[in-house]
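# Observations on chain architecture
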Amino acid sequence: MMMKRGFCILLLLTMGGFSNAQQKEEDEFSIAVIPDTQYYTAEKNGGKKEMFTAQTEWIVKNAAKENIRYVIHLGDISEDGEKFPQQWVNAAASMYLLEKPQAGYPQGIPYGMAVGNHDQTKSQYPLSGKTDQYNKYFGIEHFKGKKWYGGHYGDNNDSHYDLFEAGGIKFISIFLEYDSYGEDIEGMNKWASQLLEKYSDRKAILVSHSIIHFNKTTGTNKKGFPKFSKQAQRVFDRLKSYPNVMLTLSGHVGDNGEGYRQDGYAGNIIRSFLSDYQSRPNGGHGLMRLMKFSKSKDLISVRTFSPYTGEEEKDADSEFTLPWFHHTNVARYHDYDNDQHTDIAFFSRGVWKIAGQPDIAFGKEGDIPAPADYNGDGKTELAVFRPSEGKFYLQGGEVVTLGQAGDIPVCGDYDGDGFAEVAVYRPATLTWYFDGLDSIRFGHKNGIPVPADYDGDGMLDVGVFRTDNSLWQTSLGNIPLQVKHIPGDIPVPGDYDGDGRAEMAVFRPSTGEWIIDRFKEPVKLGKEGDIPVPGNYFRDGKTYPAVYRDGKIYLENGHTITANQGKITELVK
């Protein structure tokens with residue numbers, strides 16, 4: 001962030017938002033998710049088999065409209081395992097509706113099903129328990145002729161995988177049987193890891209009946225990620241290193257019914273979703289989910305509804321939008337409208353000018369802008385730091401008391417929960433202060449704060465750039481950028497190679513060069529007086545060098561963006 005008197009350029013950080021506005025039909029697609037149906041098939045606790053049938057009938061009817069490319073059942077198909085075969089007759093009557101051929105789906109709509117603890121006789125044991133009824137109706141013989149069916153683990157279909165394509169992307173979905181006591185966890189993990197290696201070109205969805213618990217606070221977009229189940233923790237620890245893993249889906253936890261968490265590892269963000277409504281009235285009254293994926297917008301949108309009752313759940317647990325591939329810490333620089341690219345914005349005397357939006361009065365003269373994604377939805381919210389009061393004012397009305405005159409706002413997600421923390425760096429004491437987290441004493445008298453996710457774990461690392469010797473010091477250790485120190489260099493860390501980890505980088509106005517870690521040659525761009533505004537202007541998840549000068553943003557290869565009062569008017573060469 002560079003500031004002048006009465007003027008501040010906040011956000012010009014993403015070289016990719018100016019692609020063709022025409023969106024291909026296959027750009028957006030959906031995956032339908034059916035949570036625990038045990039009380040529908042058992043017709044227990046007010047549940048009816050017609051509720052299950054209404055779900056699959058809706059999917060069939062809306063497959064073309066919603067571009068539904070795959071259906072996932074989260075397990076606990078039945079209530080009593082082997083005890084009452086009629087429950088499996090009811091399940092088959094509902095699920096087999098998906099197999100009816102229709103335009104665009106010659107073998108029906110592809111689907112896969114998880115085995116839950118209620119589907120096992122000797123519940124929770126994948127080896128010593130029985131799943132004969134599941135395999136009678138949804139076994140190897142039933143699926144082996146399906147185009148999407150990939151194969152199975154062991155001698156039955158309790159754990160299996162599917163292969164499908166959607167939006168021009170290849171996917172593998174891996175279903176892991178419920179195993180609460182670790183009877184076969186190592187064998188299943190080894191099998192899944194072999195699949196992830198074999199199909200490394202496919203984005204992977206891991207499905208198991210129990211993966212996460214529900215959020216402790218109401219609303220998916222609230223602080224407080226739920227814990228992994230015991231089985232899921234072992235699965236995650238084993239499989240998190242595979243960069244093609246993108247999602248996990250689960251049910252099982254019906255007390256609250258909904259949950260979300262995200263985890264970063266080596267630049268990859270894995271998002272986990274829980275949905276289970278069995279503990280609601282009438283066994284869940286037919287609630288299910290539709291997850292819509294947009295490749296061009298890099299978003300996942302979740303809708304929760306019941307085709308049986310016609311109800312829609314609109315709370316933040318049930319209807320929400322999140323980034324898909326790219327984490328806000330690295331790839332989304334001040335994206336105010338969740339369209340996957342940086343927006344041009346100015347702040348002056350309490351007025352915000354954001355590209356494509358009316359002016360917004362928020363703050364006052366003397367405030368320091370501190371925009372960030374404070375509610376975890378992938379969008380940047382307005383915020384200001386008022387040094388005279390030692391307070392932060394957030395767009396949603398929240399006021400956080402933190403800081404004092406002379407402090408530098410460094411807000412961001414330091415604990416990896418998807419929500420930016422209000423934070424300041426105090427040069428006088430070389431201390432970082434966070435709202436809700438312990439303070440850290442880390443810095444240098446000649447240091448400029450440069451927090452960024454340098455190791456790709458989804459959490460910002462504290463760091464400073466020393467203006468006296470160009471040395472980078474972070475919580476990961478001292479990191480030399482291997483450049484000759486020249487006074488006037490400006491630190492511009494960012495994810496310049498798109499691997500999910502921020503690179504150290506400096507803009508050198510004296511020579512018009514960008515020197516980026518691990519880049520063989522400097523990038524020639526800019527001159528004295530330019531303001532560096534790197535960003536993902538081409539929506540590809542990479543940071544690109546850019547500078548602001550006299551109302552224009554200059555990019556590589558002669559491209560420029562003309563900004564008129566904060567609105568993008570052209571991208572030309």
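Residues numbered from 1 in each chain as written. Predicted model: local features only at pLDDT ≥ 70, side-chain atom pairs only at ≥ 80, totals over all residues. Heavy atoms only, no water.

Looking at an unreviewed UniProt entry, one finds the chain named Calcineurin-like phosphoesterase domain-containing protein and attributed to Chitinophaga ginsengisegetis.

## As for the overall build of the chain
Condition: Where helices and strands are cited, they refer to DSSP runs of H or I of at least four residues and of E of at least two residues respectively, numbered from the N terminus. What the globule rule says is 2.2 Å times the number of residues to the power 0.38, and the radius of gyration is computed from C-alpha atoms. Think of it in three bands: residues with accessible area under 20% of the maximum for their type are buried, residues over 50% are exposed, and the middle band is partly exposed, with areas taken using a 1.4 Å probe on protein chains only. We call two residues in contact whenever any of their non-hydrogen atoms come within 4.5 Å of each other. Note on areas: these come from Shrake-Rupley sampling with a 1.4 Å probe, and a residue is covered only by the protein chains present in the view. Working convention for charge: Lys and Arg count positive, Asp and Glu count negative, and His plus the chain ends are omitted. Charged groups are reduced to one reference atom each: NZ for lysine, CZ for arginine, CG for aspartic acid, CD for glutamic acid.
Secondary structure assignment for the chain yields seven helices and 42 strands. In terms of overall size, the chain behaves like a compact globule, its C-alpha atoms giving a radius of gyration of 26 Å where 573 residues would be expected to give roughly 25 Å. Principal-axis analysis of the C-alpha atoms gives the chain an extent of 75 × 45 × 45 Å. In the chain, buried positions account for 58% of the 573 residues. In the chain, of all internal contacts separated by at least 6 residues, the share reaching a separation of at least 24 is 57%. Summed over all atoms, the accessible surface of the chain reaches about 23000 Å², with 49% contributed by carbon and sulfur. Taking the 63 positively charged and 78 negatively charged side chains of the chain as two groups, their mean positions are separated by 3 Å.

## Comments concerning the pattern of salt bridges
Let me state the cut-off plainly: By definition, a salt bridge exists where a carboxyl oxygen of Asp or Glu is found within 4 Å of a side-chain nitrogen of Lys or Arg.
Inspection of every chain in the model, using the stated rule, returns 25 salt bridges. For K146, the salt bridge identified is with E99, shortest N-O distance 3.4 Å. In this pair, K146 is assigned in the loop between α5 (140–143) and β7 (149–152) and E99 in the loop between α3 (86–95) and β6 (111–113), connecting sequence segments 47 residues apart. With respect to burial, K146 and E99 carry one shared label: buried. R549 is paired through a salt bridge with D530; the nearest N and O atoms lie 2.7 Å apart. On the criterion of sequence distance, the pair formed by R549 in strand β39 (residues 546–549) and D530 in the loop between β36 (523–524) and β37 (531–532) is long-range, its members being 19 residues apart. Residues joined in a network through salt bridges with shared partners are D497, E503, D517 and R518.

## Some remarks on the environment of F293
Among the structural elements, F293 can be located in strand β14 (residues 288–294). On the basis of relative accessible area, F293 is assigned to the buried category, the value being 1%. It is 19 Å that separates the C-alpha atoms of F293 and G418, two residues lying 125 residues apart in sequence. Those residues in contact with F293 that sit more than four places away from it in its chain are D27, E28, F29, I31, M246, L247, L299, I300 and W324.

## With respect to the sheet that holds strand β24 (residues 399–401)
Just so we agree on the cut-off: In short, DSSP must find at least two bridges between two strands for them to pair.
Pairing is antiparallel across the open sheet formed by four strands, whose spatial order is β21-β22-β23-β24. Unpaired on one side and paired on the other, β21 (368–369) and β24 mark the two borders of the sheet. With two bridges joining them, β21 and strand β22 (residues 383–386) adopt antiparallel strand pairing. By the bridge assignment, I368 is partnered in β22 with F385.

## Observations concerning the pairing of strand β5 (residues 68–73)
To keep it simple, the criterion reads: By the criterion used throughout, a crossover qualifies as right-handed when its path from the first strand across the helix to the second strand runs clockwise, the strands pointing away from the viewer.
Burial within β5 is extensive, with five of its six residues counted as buried. Bridge count between strand β4 (residues 28–34) and β5: five bridges; the pairing is parallel. Each residue of the ladder has a partner; that of I31, found in β5, is Y70. By the bridge criterion, three bridges tie β5 to β6 in an arrangement that is parallel. Bridge pairing in β6 links H73 to M113. With α3 bridging β5 and the parallel β6, this β-α-β connection has right-handed handedness.

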